[in-house]
Amino acid sequence: MTGSRVVALGHYQPAKVLTNDDLAAMVDTSDEWITSRVGIKTRHVGGPDEPVDELAAHAGAKALAAAGLQPSDIDLVLVATSTAIDRSPSMAARVAARLGMGSPAVLDINVVCSGFTHALALADHTIRAGAATRALVIGADKMGDIADWTDRTTCVLLGDGAGAAVVTADPAAPDTPGGPGIGPVLWGSVPEMGNAVRIEGTPPRFAQEGQSVYRWATTQLPPIARQVCEKAGIAPEDLAAVVLHQANLRIIEPVARKIGAVNAIIARDVVDSGNTSAASIPMALSKLVERGEIASGAPVLLFGFGGNLSYAGQVIRCP
């Protein structure tokens, strides 16, 4: 059976940077309060003339250029997002139009913070089934559009951005040293706790039960992440990098420690970008690769979690 692999990455963030001191002028907070509780120093925020599909298209264009491919080479576009206000055209369709693609299949996927790892698994499965050969998988969110800028417990978390991956068929995957380019996914959810993270109302606003999410993430997710490694046939100590959903530094660090990836680079893009939901994993990974911090072919654990109290993870080989 044909496998798949990530061959290139790209990311994009709006130019405007919102610092903790900027937020302190808007709500009752401070740099010390934010840093000590969530570890975030800055976040990027898009303006009204920067819609989600524009962020996604910029990231997608960078990934295509890095892959040496033309937009017409792509036959599947998946966009993971929870901040698409319009129902149709989808973000994927709008990205395809912006990039001048031919006639790709276009789908949006809303699994909030674990959206990218869900979308990556779906691209892998689609290629394995022979229904596509080259996919553009994007995580993109404008969390600033749904933030309650009067709520100091949530607005300090959020940022805007997009990250993209080009995924192609890999006929040699079963015989590739070290395993396939994209390993098996492990995914699931906790439906009875789905209300712990919400984007509801008109206009929609983000809200969460922070302590419930923190306890779930730091206690329940590390064993699941270790199972992801088991499914991929790799020990946590052999991982080159761990890229968790960039929710909160106070979640990322204990979860990474409990996974046992003692030799891995731990992505901490949340410090500079905030929580960008579905964009956080591909954006953090793209930056690590761009800086040359992960060797090509090295094993990387991607693990998304959050809204719906859903999770999805896989081990990939770094492009």
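Predicted model, so just to flag it, every value in this text is computed and none were measured.

Definitions and cut-offs
- Residues numbered from 1 in each chain as written.
- Predicted model: local features only at pLDDT ≥ 70, side-chain atom pairs only at ≥ 80, totals over all residues.
- Heavy atoms only, no water.
- Helix = DSSP H or I, 4+ residues; strand = E, 2+ residues; numbered from the N terminus.
- Buried < 20%, exposed > 50% of the residue type's maximum accessible area, 1.4 Å probe, protein only.
- Lys, Arg positive; Asp, Glu negative; His and termini not counted.
- Salt bridge = Lys/Arg side-chain N within 4 Å of Asp/Glu carboxyl O.
- Polar contact = N/O pair within 3.5 Å; in protein donor to acceptor, adjacent residues only side chain to side chain.
- Pairing = 2+ DSSP bridges.
- Axes fitted to C-alpha atoms, helices over the stretch in contact; angles between N-to-C directions.
- Contact = heavy atoms within 4.5 Å.
- Expected span 1.5 Å × (residues − 1).
- Bend = angle between axes of the 7 residues up to and from the residue.
- Phe/Tyr/Trp six-rings, centres within 6.5 Å; stacked < 30°, edge-to-face > 60°.
- Disulfide = S-S within 2.5 Å.

### As for the side chain of Arg 43
- In this fold, Arg 43 is placed in strand β3 (residues 42-44).
- As a buried residue without a salt bridge, Arg 43 has its nearest oppositely charged side chain in Asp 22, at a separation of 7.1 Å.
- There is a polar contact of 2.9 Å between the side chain of Arg 43 and the side chain of Asn 20.
- One polar contact links the side chain of Arg 43 to the main-chain carbonyl oxygen of Val 156, over a distance of 2.7 Å.

### Points about the sheet that holds strand β13 (residues 299-306)
- Spatially, 5 strands are ordered β8-β14-β13-β11-β12 in an open sheet, and the strand pairing comes out mixed. The strands lining the two open edges of the sheet, one partner per strand, are β8 (186-189) and β12 (265-266).
- Of the pairings in the sheet, the one linking β8 to strand β14 (residues 310-317) comprises 4 bridges and is antiparallel in character. Paired with Gly 188 across the two strands is Tyr 311, which belongs to β14.

### Thoughts on the sheet that holds strand β7 (residues 160-170)
- Pairing is mixed across the open sheet formed by 5 strands, whose spatial order is β1-β7-β6-β4-β5. With one partner strand each, in any of the chains shown, β1 (3-12) and β5 (105-109) form the two edges of the open sheet. For this sheet, the mean inter-axis angle between neighbouring strands, taken without regard to orientation, is 20°.
- Across 5 bridges, the pairing between strand β4 (residues 76-80) and β5 is parallel. Directly across from Leu 78, in β5, lies its bridge partner Leu 107.
- Contacting β1, β6 (134-142) and β7, helix α9 (residues 280-290) runs over the sheet at an angle of about 90° to β1.

### Digging into helix α6 (residues 210-232)
- An ideal rise of 1.5 Å per residue puts 33 Å on 23 residues; α6 measures up with 31 Å between its terminal C-alpha atoms.
- Where α6 bends most, at Leu 221, the angle is about 45°, and the proline Pro 222 comes one to four residues later.
- Along α6, the residues classified as buried are Ser 212, Val 213, Trp 216, Ala 217, Thr 218, Leu 221, Pro 222, Ile 224, Ala 225, Val 228 and Cys 229.
- Along its buried surface, α6 packs onto β8, β9 (197-200), β10 (205-208), α7 (249-259), β13 and β14.
- At the C-terminal side of α6, Gly 233 shows a positive phi close to 75°.

### A closer look at the packing of aromatic side chains
- For the structure shown, the criterion picks out 2 aromatic pairs.
- Taken together, a centroid distance of 6.3 Å and an interplanar angle of 40° make the contact between Phe 303 and Phe 305 tilted.
- Note on Phe 303: relative accessible area 0%, which makes it buried.
- A residue is classified by how much of its surface remains accessible, and Phe 305, at 1% relative accessible area, is buried.
- Between Phe 303 and Tyr 311, the ring centres sit 6.5 Å apart and the planes meet at 25°, which makes this aromatic pair stacked.
- One aromatic cluster is present, formed by Phe 303, Phe 305 and Tyr 311 through successive ring pairs.

### As for the pattern of salt bridges
- Tallying each qualifying case throughout the model produces 12 salt bridges.
- For the salt bridge of Arg 198 with Glu 209, the shortest nitrogen-to-oxygen distance reads 3.8 Å. Here Arg 198 is found in strand β9, whereas its partner Glu 209 is found in the loop between β10 and α6, with 11 residues between them in sequence.
- Of the charged contacts in the structure, one is a salt bridge between Glu 253 and Arg 268, with a shortest N-O distance of 3.2 Å. Taken together, the residues span a long stretch of sequence, with Glu 253 in helix α7 and Arg 268 in the loop between β12 and α8 (270-273) at a distance of 15 residues.
- Under the relative-accessibility criterion, Glu 253 is labelled partly exposed at 29%.
- Residue Arg 268 is classed as partly exposed on the basis of its relative accessible area, which comes to 39%.

### Points about the state of the cysteines
- Scanning the model with the defined rule gives 0 disulfides in all.
- Here Cys 155 stays unpaired: no disulfide links it, and the sulfur of Cys 113, its closest cysteine neighbor, is 16 Å away.
- The exposure class of Cys 155 is buried, given its relative accessible area of 1%.
- Counting only cysteine sulfurs, Cys 318 is the nearest neighbor of Cys 229, a cysteine outside any disulfide, at a range of 16 Å.

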